[in-house]
Amino acid sequence: MRDHDSPVPERRTRGRRRFDDDEPHFLKRGRPTGPAPTDPDEPDPETDETWSSWDDALHGPQPHPPWLVTELAAKDTELGVLKTGKEADVHLVRRGLPGTDRSCLLAAKRYRDPRHRLFHRDAGYLEGRRVRRSREMRAMTGRTAFGRQMIAGQWAAAEFAALSRLWEIGTRYGTVTVPYPVQLRGTELMLEFLGDADGGRAAPRLAELRPSPAELRDLWGQLVDSLVVLARAGYAHGDLSPYNLLVHAGRLALIDLPQVVDVVVNPQGREFLARDVRIVATWFAARGLPADLVDPAVLTEMLCREAGLA
C-alpha cells in the first residue's frame, strides 16, 4: 500500500455490488431495523450513505479483533485510493457506527473488471488449484471472459484463505505478521488497515525505507522467521519483494498474497520458494547485510526442509 503525503479526504460512501449466483457462501442476512433506503444497496437519499457490507460477506477468523466494527447498523465510507496495481486497486474505507465514536479503517482490495485485468503470470501460480466443474476448468484454461472472471474469484478467495490460515496457525508453526482478513465479498477483499489511523497514511513499504544496520538486521530476522512459518504451513508467497512487505510499528508484515503457492501440490513449488528468497536476499545484501547471512541458497534449502520438500 502506498503512502500519501497528506491525510486522505473524506468522500462519498462506498457502493454495493451484488454477487454471482455461483457464490453460495454469500447469503444475505437481516438488515438492521430503523430508517433505511428501500434498496439497501442504494445510497440513502438524505445522507448519501450505504450500509456496511459485513452482513452479506464471508467473515475472517474468530475471535474477531476488538477494533473491528461488526454491528449491522454501521456504514462504510470511501476515503480514497491507497494503491493502484496491475490486478487490483486498494481503497481506504472507514466503517463507523452512526451516533457513536466507534469506527475502524479498512483496506478494500478490489479486483478490476476482467477485461482490464493483467494476470500475466497466472498459469504457473494456478497449478495445483482445481475447480470442480470441467466447464469452469476449460474456461480458465482458455482464458475466456467467464474464465478470467473465475480466475479473479480464485485470486481473491486464495488470498483470503491464505491470510486466514496464517492468522490462525498460532503456536503450531509460529507467528507471521499479516493484516487481519476482515471479509470476502465477491472479488472484493477487505483487510485490516496497517498505518496511521488518524491521518489515513498507510505503513511504508520496505522498499521505501533506509534502515540503520541494526534495523536492517532485525528486519531480516523477522523476514526469515515469517518465511519459515509459511514454509512449515506449506506455502510460498509467490511474488515476494520489498514492495509487498510493510513495516508497521516496528513489525514486518506480508501483504499481497493472491498468488500464494502451495509448494507441496504445485510442481514448481521449490522454484517459487527460491525466487522469493533470491529477490529479498538481494535487496538486503545491497543495503549492507553480510553475504553469508543472506545467502539465498542456504535459506532456500532450509525452507525446503521446513516444507518437507528436501
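These remarks concern the structure in this document.

Parameters at a glance
Residues numbered from 1 in each chain as written. Predicted model: local features only at pLDDT ≥ 70, side-chain atom pairs only at ≥ 80, totals over all residues. Heavy atoms only, no water. Helix = DSSP H or I, 4+ residues; strand = E, 2+ residues; numbered from the N terminus. Buried < 20%, exposed > 50% of the residue type's maximum accessible area, 1.4 Å probe, protein only. Polar contact = N/O pair within 3.5 Å; in protein donor to acceptor, adjacent residues only side chain to side chain. Expected span 1.5 Å × (residues − 1). Arc of directions from axis to C-beta. Contact = heavy atoms within 4.5 Å. Core = buried A, V, L, I, M, F, W, Y, C linked by side-chain atoms within 4.5 Å. Phe/Tyr/Trp six-rings, centres within 6.5 Å; stacked < 30°, edge-to-face > 60°. Lys NZ or Arg CZ within 6 Å of the ring centre and 35° of its normal. Salt bridge = Lys/Arg side-chain N within 4 Å of Asp/Glu carboxyl O. Pairing = 2+ DSSP bridges. Axes fitted to C-alpha atoms, helices over the stretch in contact; angles between N-to-C directions. Parallel < 35°, antiparallel > 145°, perpendicular 65-115°, else oblique. Nonpolar A, V, L, I, M, F, W, Y, C, P; charged D, E, K, R; others polar.

**A short note on the side chain of Glu78**
- Relative to the assigned elements, Glu78 resides in strand β3 (residues 75-84).
- Here Glu78 falls in the buried class, since its relative accessible area comes to 13%.
- Only 2.6 Å separates the side chain of Glu78 from the side chain of Arg110, close enough to count as a polar contact.

**Considering helix α4 (residues 213-232)**
- Counted at 1.5 Å a residue, the expected span for α4 with its 20 residues is 28 Å, and the 29 Å between its end C-alpha atoms agrees.
- Along α4, the positions that sit buried rather than exposed are Leu216, Leu219, Trp220, Gln222, Leu223, Val224, Ser226, Leu227, Val228, Val229, Leu230 and Ala231.
- Backbone geometry just after α4 places Gly234 at a positive phi near 90 degrees.

**Re helix α6 (residues 296-306)**
- Turning to α6, its buried residues are Leu299, Thr300, Leu303 and Cys304. Down the axis of α6, the smallest arc covering the buried residues is 135 degrees, so these residues share one side. Across α6 from its buried face, at more than 90 degrees, point the exposed residues Val298 and Arg305.
- On its buried side, α6 packs onto α4 and α5 (269-286).
- Where α6 begins, the capping side chain belongs to Asp295, and its oxygen is found 3.0 Å from the backbone nitrogen of Ala297.

**A closer look at the nonpolar core**
- Grouped together as the largest cluster of nonpolar side chains are 51 residues, with contacts concentrated most on Leu166, Trp220, Leu223, Leu245, Phe284 and Leu303.
- Of the residues forming this core, the biggest block, ten residues, is contributed by α4.
- Apart from the residues lying within four places of it in its own chain, the contact partners of Leu166 are Val176, Val178, Leu230, Tyr235 and Leu257.
- Membership of the second largest hydrophobic core comes to twelve residues, among which are Ala74, Cys104, Tyr180 and Val182.

**Here's the deal with the packing of aromatic side chains**
- Tallying each qualifying case throughout the model produces four aromatic pairs.
- Here the aromatic rings of Trp167 and Tyr180 are separated by 4.9 Å at their centres, their planes lie at 70 degrees, and the arrangement is edge-to-face. Of this pair, Trp167 sits in helix α3 (residues 145-168) while Tyr180 is found in the loop between α3 and β6 (181-185), placing the two residues 13 residues apart along the sequence.
- For Trp167, a relative accessible area of 37% corresponds to the partly exposed category.
- By relative accessible area, Tyr180 is classed as buried at 0%.
- Put simply, the rings of Trp67, Trp167 and Tyr180 touch in pairs and so form one group of aromatic residues.
- Sitting over the ring of Trp51, Lys75 keeps its end group 4.7 Å from the ring centre.

**As for unusual backbone geometry**
- In this structure, the amide linkage connecting Gln62 to the following residue, Pro63, adopts the cis form with an omega of 0 degrees.
- Within the secondary structure, Pro63 sits in the loop between β2 (58-59) and β3.
- With a phi close to 55 degrees, Asp256 is a non-glycine residue in the positive phi region.
- Examined against the element boundaries, Asp256 turns out to sit in the loop between β12 (251-254) and β13 (261-262).

**Here we look at the pattern of salt bridges**
- According to the stated counting rule, one finds eleven salt bridges in the structure shown.
- The shortest N-O distance in the salt bridge between Glu78 and Arg110 comes to 2.6 Å. On the criterion of sequence distance, the pair formed by Glu78 in strand β3 and Arg110 in strand β5 (residues 103-111) is long-range, its members being 32 residues apart. As far as burial versus exposure is concerned, Glu78 and Arg110 are alike and both buried.

**Notes on the sheet that holds strand β7 (residues 188-192)**
- Here seven strands make up an open sheet; going across it, the order is β1-β3-β4-β5-β7-β6-β2 and the pairing antiparallel. The two strands at the open ends of the sheet, each matched to only one other strand, are β1 (50-51) and β2.
- The pairing of strand β4 (residues 88-96) with β5 spans nine bridges and is antiparallel. Considered in β5, the bridge of Arg95 is made with Cys104.

**Quick word on the packing of α4 against α5**
- It is at 11 Å that the axes of α4 and α5 come closest, and there the two elements cross at 170 degrees. In this view, α4 runs roughly antiparallel relative to α5, as classed from their interaxial angle. Across the interface between the two elements, Leu216, Leu219, Trp220, Leu223 and Leu227 of α4 pack against Val277, Val280, Ala281, Trp283 and Phe284 of α5.
- Grouping the constituent residues of the contact of α4 with α5 by class yields ten nonpolar, no polar and no charged.

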